[in-house]
Amino acid sequence: MAEPAFGTQTRRPRSAGQAQTPPRKARNAVDTWMDQERSFMGKTIRRQKVALCLLGFPALAPLFFMSRAVITVSNNTMNGTVADVLGTGGEALLLLTLLITPMVTLTRQRWFIPLRQWYGIMFAITITTDAVIASITTAFAGGVVGRLAGHTFLLVGFTMVLLSIPLLAIASNRAQRWLGRYWKPLQRTTYVIWGLLFVHLALLFGFGIGSGESGDGDPIFHQRLFQLTACSTLLLALRMPPVKRWVARQQKAGRPWLVYIAFMPLALLFVVAFSFIVNEEIFKGVAAFSLHPISD
């Protein structure tokens, strides 16, 4: 049964022999603020809903950037930029999906948890669309099979797509209720996809500076494998049980500032690396939407 909204619970007198339930933990102040409602154009709307819409809307950007090329059947644009726009967009969405749990650990806020499901759904749709377009337009030999799995990096990428499809199928709350205790183990397939992304980028772009498609002599963060590594450092650290226990102890002791100081370097590393990913997505996405694709 769903928990009632904050502030709507009513207290009932207990009988003499009625067992007392333990008191609930105090809600985070930000969660409480987000749960409040405001009137907008004659309608009442929760602040949380507005914030979720604003933060979730950019997830549509990769599909939007490629939409004009698909509608106009611009094979030149689709062949030249589908991997850059949809592939890079899928990477960004996977990182955002994985970011939600560490953010809960750090802030003890829960109002943004629905974004995890939304970003995950859009990740699966984006990379599946990438695979469908690539199977039709790319120049690899061997027909559809060759375009999807004709090289090792393609095979790894296609495996990621295949694994994302069942995750998309069980993304709803109804599927979670139906699967019960089996739902969470299945969702952990996301970590397999995360690992395969490292393999995919390593095979595609190499490990060294100046190698691969992004080897333009520019800073290290132009290397996509290093971008992923820099972003993943924070995400992995905050998933380690000893780290999570340490964070919980500091927060319980009233020292959240110590937690923020400790993770500030990793957070800055994530922001810098992720900004390079977003910059490339926007730069090449706008070019693709204008039907003037940019090749590396």
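The coordinates are above.
Residues numbered from 1 in each chain as written. Predicted model: local features only at pLDDT ≥ 70, side-chain atom pairs only at ≥ 80, totals over all residues. Heavy atoms only, no water.

Colleague: Could you clarify how one ought to interpret the overall build of the protein chain in this entry?
Modeller: Scanning the protein chain from terminus to terminus reveals 13 helices and 2 strands. Long-range contacts, defined as pairs at least 24 residues apart, comprise 64% of the intrachain contacts of the protein chain with a sequence gap of at least 6. Accessible surface, the protein chain: about 17600 Å² in total, of which carbon and sulfur atoms supply 66%. (Helix = DSSP H or I, 4+ residues; strand = E, 2+ residues; numbered from the N terminus. Contact = heavy atoms within 4.5 Å. Areas by Shrake-Rupley, 256 points an atom, 1.4 Å probe, with all protein chains shown as cover.)

Colleague: What is the right way to look at the pairing of strand β1 (residues 37-40) in this model?
Modeller: Remember that side chains alternate between the two faces of the sheet whenever the strand is regular. Pairing analysis gives 4 bridges linking β1 to strand β2 (residues 43-46), with the strands arranged antiparallel. Bridging across to β2, Arg38 finds its partner in Ile45. Hairpin remark: β1 followed by β2, antiparallel, with 2 residues in the connecting loop; positive phi at Met41, about 55°. (Pairing = 2+ DSSP bridges.)

Colleague: It is not clear to me how the side chain of Glu281 should be interpreted in this structure. Could you clarify?
Modeller: Relative to the helices and strands, Glu281 resides in helix α13 (residues 256-289). An unpaired buried charge is present at Glu281: no salt bridge exists, and Arg224, the closest side chain of opposite charge, is 8.4 Å distant. One polar contact links the side chain of Glu281 to the main-chain amide nitrogen of Gly89, over a distance of 3.1 Å. Setting aside chain neighbours within four positions, we find Glu281 in contact with Pro62, Phe65, Asp84, Val85, Thr88 and Gly89. (Buried < 20%, exposed > 50% of the residue type's maximum accessible area, 1.4 Å probe, protein only. Lys, Arg positive; Asp, Glu negative; His and termini not counted. Salt bridge = Lys/Arg side-chain N within 4 Å of Asp/Glu carboxyl O. Polar contact = N/O pair within 3.5 Å; in protein donor to acceptor, adjacent residues only side chain to side chain.)

Colleague: Explain the packing of aromatic side chains here, please?
Modeller: Here a ring pair, both rings aromatic, is described through the centre-centre distance and the interplanar angle of the planes. According to the stated counting rule, one finds 5 aromatic pairs in the structure shown. For the pair Phe64 and Phe289, a centre-to-centre distance of 4.7 Å together with 20° between the ring planes defines the contact as stacked. Residue Phe64 is located in helix α3 (residues 61-71), and its partner Phe289 is located in helix α13; the two are separated by 225 residues in the primary sequence. The class for Phe289 is partly exposed, based on a relative accessible area of 29%. Aromatic pair Tyr191 and Trp194: ring centres 6.2 Å apart, planes at 45°, arrangement tilted. Remark: Trp194 and Tyr191 occur in helix α10 (residues 189-205); sequence separation between them is 3 residues, near one turn of the helix. (Phe/Tyr/Trp six-rings, centres within 6.5 Å; stacked < 30°, edge-to-face > 60°.)

Colleague: So what exactly am I meant to see when it comes to the layout of surface pockets here?
Modeller: Once rolled over the atoms, a probe with the size of a water molecule shows which space is left empty. In this structure, the second largest pocket spans a volume of roughly 770 Å³. Around the second largest pocket, the lining comprises 33 residues; the ones closest to its centre are Ala83, Asp130, Leu154, His200 and Leu204. Sorting the residues of the lining of the second largest pocket by element identifies α4 (75-107), α5 (114-137), α6 (143-149), α7 (152-169) and α10 as the ones contributing at least two each. With 10 residues, the single largest contributor to the lining of the second largest pocket is α4. Split into classes, the residues belonging to the lining of the second largest pocket amount to 18 nonpolar, 9 polar and 6 charged. (1 Å grid on protein atoms, 1.4 Å probe; cavity = no way out; pocket = protein on both sides within 12 Å on 5 of 7 lines; lining within 4 Å. Points joined across faces, edges and corners; volume = space filled by probe spheres on them. Nonpolar A, V, L, I, M, F, W, Y, C, P; charged D, E, K, R; others polar.)

Colleague: Honestly, the nonpolar core in this entry has me stumped. Any pointers?
Modeller: Across soluble globular proteins, nonpolar side chains have a tendency to be buried as a group. Counting residues in hydrophobic clusters, the biggest one holds 53 residues, and the most contacted among them are Phe263 and Phe274. At 10 residues, α4 tops the list of elements feeding residues into this core. When sequence neighbours within four positions are dropped, the list of residues in contact with Phe263 reads Leu106, Leu234, Ala237, Leu238, Val243, Trp246 and Val247. Ranked by size, the runner-up nonpolar core spans 9 residues in total, among them Met66, Ala69, Leu86 and Ile133. (Core = buried A, V, L, I, M, F, W, Y, C linked by side-chain atoms within 4.5 Å.)

Colleague: I keep staring at the pattern of salt bridges and nothing clicks. Help me out?
Modeller: Two side chains bearing opposite charge may form a pair once their charged atoms approach each other closely. If you walk through the whole model with that rule in mind, you get 5 salt bridges. Put simply, Arg224 and Glu280 hold a salt bridge, and the shortest N to O gap is 2.4 Å. Of this pair, Arg224 sits in helix α11 (residues 224-237) while Glu280 sits in helix α13, and the two are 56 residues apart along the sequence. Judged by relative accessible area, Arg224 falls into the buried class, the value being 6%. On the basis of relative accessible area, Glu280 is assigned to the buried category, the value being 12%. In this structure, Lys284 and Glu280 form a salt bridge, with 3.4 Å as the shortest nitrogen-oxygen distance. Here Glu280 and Lys284 lie together in helix α13, a separation of 4 residues that amounts to about one turn. Via salt bridges that share partners, Asp84, Arg224, Glu280 and Lys284 belong to a single interconnected network.

Colleague: Mind showing me how you'd approach the environment of Ser290 here?
Modeller: Within the secondary structure, Ser290 sits in the segment after α13. Separated by 222 residues in sequence, Ser290 and Arg68 place their C-alpha atoms 7.9 Å apart.

Colleague: What's the story with α13 in this structure? I'm lost.
Modeller: Two residues of an α-helix separated by three or four positions point the same way, owing to the 3.6 residues in each turn. At Met264, α13 is bent by approximately 50°, the largest bend along its length, and proline Pro265 sits one to four residues beyond. Residue Leu291 follows α13 closely and has a positive phi angle near 65°. (Bend = angle between axes of the 7 residues up to and from the residue.)

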